[in-house]
Amino acid sequence: MIQESLKSVLSTITAPTRLIAVSKTKPVEDLWEAYNAGQRLFGENKALEMRDKHEVLPKDIEWHFIGHLQTNKIKYIIPYVALIHSIDSLNLLSAVEKEAAKHDRVVDCLLQFHIATEETKFGLDLAEAQQLLLSEEYKSMTHIRIVGVMGMATNTPDTDLIRKEFHTLHDYQQQLKKQYFQDKPEFKEISMGMSGDYQIAMEEGSTLVRVGSAIFGARNYNIPVNDK
Ligand SMILES: *Cc1c(COP(=O)(O)O)cnc(C)c1O
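Figured I'd write up the structure that's included with this text. These figures come from a predicted structure and were not determined experimentally.

## Description of the site of the ligand
Reasoning step 1: With respect to spatial proximity, the complete set of residues near the ligand consists of Val22, Lys24, Ile66, Met150, Met152, Met194, Ser195, Arg210, Val211, Gly212, Ser213 and Arg219.
Reasoning step 2: Between an oxygen atom of the ligand and a main-chain N or O atom of Gly212, the distance comes to 2.8 Å.
Reasoning step 3: Within the contact set of the ligand, an oxygen atom lies 2.7 Å away from a side-chain nitrogen or oxygen of Arg219.
Reasoning step 4: Here the shell around the ligand is composed, by residue class, of 6 nonpolar, 3 polar and 3 charged.

Quick look at the structure:
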């Protein structure tokens, strides 16, 4: 089942866009199924759940942290995380910097933007991101690397609105690139698009799509995960 869904999702994704299989709440057996079909990028949104899965799964998996990150949980992901998608404050970035220094790592991060009309979603606006990037504190960091932006569109059937929001995120990425990352070729990632809207996201320039339920099926939030 999972292998079939994965194949059908993959058949709609074209380079340079990469697929992150969002496996949050799903048991390790489900990740094995995707792994055995060749999938190597996985996305999780809880630090302890990701740590537990990392411990038992093959070490060539690229782990993407896509959820809201609490500073006291950073330590559970820093030794191995491939990309943190959810940097939404200077304070959080500083905490990642400190933990990454302890492990002598340079950790790749994305700035998360609030592009949806909904109030509930985390993220920066453009002015806040610019303020962060201009701060002396950010400029002194040597154990993090900002490689792009991330955002979530409004959960709505209005595809015009979704497209507009993704377009805005792409536009932010281009503006920031021009202003602060001219000489940084690594600043190229745009993480946008989920099961319901990743086709629109790709049309608007997404380089990383985060697809969960279209691969693994609907999530059952009644299953306890150990760091709620
Ligand atoms: C859960 C989640 C996804 C995947 O959502 P689906 O609709 O299941 O594809 C993508 N991005 C983030 C940040 C998520 O939390």
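## Comments concerning the pairing of strand E3 (residues 62-65)
Reasoning step 1: Relative to E3, strand E2 (residues 41-44) runs parallel, the two being bridged by 4 bridges. The residue of E3 that forms the bridge with Gly43 is His64.
Reasoning step 2: Handedness of the crossover is the feature at issue here: the chain leaves E2, passes through helix H3 (residues 47-56), returns alongside E3, and the resulting connection is right-handed.
Reasoning step 3: Taken together, the 2 bridges between E3 and strand E4 (residues 83-87) define a ladder with parallel strand orientation. Within the sheet, the bridge partner assigned to His64 lies in E4 and is Leu83.

## A word on the packing of helix H5 (residues 126-134) against helix H7 (residues 159-180)
Reasoning step 1: Look at H5 against H7: their axes get within 12 Å of each other, and the N-to-C directions meet at 25°. Comparing their axes, H7 and H5 come out roughly parallel. Between H5 and H7 the crossing geometry is right-handed. Residues Leu126, Gln130, Leu133 and Leu134 of H5 touch H7, and the partners they reach there are Tyr172, Gln175, Leu176, Gln179 and Tyr180.
Reasoning step 2: Along the lines of polarity and charge, the residues of the contact of H5 with H7 split into 6 nonpolar, 3 polar and no charged.

## Looking at H7
Reasoning step 1: The first and last C-alpha atoms of H7 sit 31 Å apart over 22 residues, in line with the 32 Å expected at 1.5 Å per residue.
Reasoning step 2: Among all positions in H7, only Leu161, Ile162, Glu165, Phe166, Leu169, Tyr172, Gln173 and Leu176 are buried. Along the long axis of H7, the arc covered by the buried residues comes to 140°, so they all point the same way. The exposed set on the far side of H7, more than 90 degrees from its buried face, consists of Asp160, Lys164 and Lys178.
Reasoning step 3: Structurally, H7 contributes buried residues whose contacts are with strand E5 (107-113), H5, strand E6 (144-151), strand E7 (189-191) and helix H8 (198-203).
Reasoning step 4: Between the side-chain oxygen of the N-cap and the backbone nitrogen of Asp160 there are 3.1 Å, and the N-cap of H7 in question is Asp158.

## Comments concerning the nonpolar core
Reasoning step 1: With 61 residues, the main nonpolar core has Ile84, Val96, Leu111, Phe113 and Ile146 as its most contacted residues.
Reasoning step 2: Residue contributions to this core peak at 5 residues, all from H7.
Reasoning step 3: Those residues in contact with Ile84, other than ones at most four positions away along the chain, are Phe65, Leu69, Ile77, Ile78, Val96, Val107, Asp108, Cys109 and Leu110.
Reasoning step 4: Listed in part, the 7 residues of the second largest apolar core include Leu41, Leu110, Val147 and Met150.

## Some details on the packing of aromatic side chains
Reasoning step 1: Applying the stated criterion across every chain, the model contains 4 aromatic pairs.
Reasoning step 2: On the basis of an interplanar angle of 35° and a centroid distance of 6.0 Å, the ring pair of Phe42 and Trp63 is categorised as tilted. Here Phe42 is found in strand E2, whereas its partner Trp63 is found in strand E3, with 21 residues between them in sequence. The pair formed by Phe42 and Trp63 is uniform in burial state, with each residue classed as buried.
Reasoning step 3: With centroids separated by 3.9 Å and ring planes inclined at 5°, the aromatic side chains of Phe181 and Phe187 adopt a geometry described as stacked.
Reasoning step 4: For Phe181, a relative accessible area of 3% corresponds to the buried category.
Reasoning step 5: Judged by relative accessible area, which is 0%, Phe187 ranks as buried.
Reasoning step 6: Over the ring of Tyr35 we find Arg40; its NZ or CZ atom is 3.5 Å from the centre of that ring.

## So, the environment of Leu69
Reasoning step 1: With respect to the helices, strands and loops of the structure, Leu69 is situated in the loop between E3 and E4.
Reasoning step 2: Distance in space between the C-alpha atoms of Leu69 and Ala47 is 7.6 Å, their sequence separation being 22 residues.
Reasoning step 3: Apart from residues no more than four positions distant in its own chain, Leu69 is found in contact with Ile74, Ile77, Ile84, Ser86, Leu92 and Val96.

What counts as what
- Residues numbered from 1 in each chain as written.
- Predicted model: local features only at pLDDT ≥ 70, side-chain atom pairs only at ≥ 80, totals over all residues.
- Heavy atoms only, no water.
- Near = heavy atom within 4 Å.
- Polar contact = N/O pair within 3.5 Å; in protein donor to acceptor, adjacent residues only side chain to side chain.
- Nonpolar A, V, L, I, M, F, W, Y, C, P; charged D, E, K, R; others polar.
- Pairing = 2+ DSSP bridges.
- Helix = DSSP H or I, 4+ residues; strand = E, 2+ residues; numbered from the N terminus.
- Right-handed = clockwise from strand over helix to strand, strands pointing away.
- Axes fitted to C-alpha atoms, helices over the stretch in contact; angles between N-to-C directions.
- Parallel < 35°, antiparallel > 145°, perpendicular 65-115°, else oblique.
- Left-handed = near helix turned anticlockwise from the far one by under 90°.
- Contact = heavy atoms within 4.5 Å.
- Expected span 1.5 Å × (residues − 1).
- Buried < 20%, exposed > 50% of the residue type's maximum accessible area, 1.4 Å probe, protein only.
- Arc of directions from axis to C-beta.
- Core = buried A, V, L, I, M, F, W, Y, C linked by side-chain atoms within 4.5 Å.
- Phe/Tyr/Trp six-rings, centres within 6.5 Å; stacked < 30°, edge-to-face > 60°.
- Lys NZ or Arg CZ within 6 Å of the ring centre and 35° of its normal.

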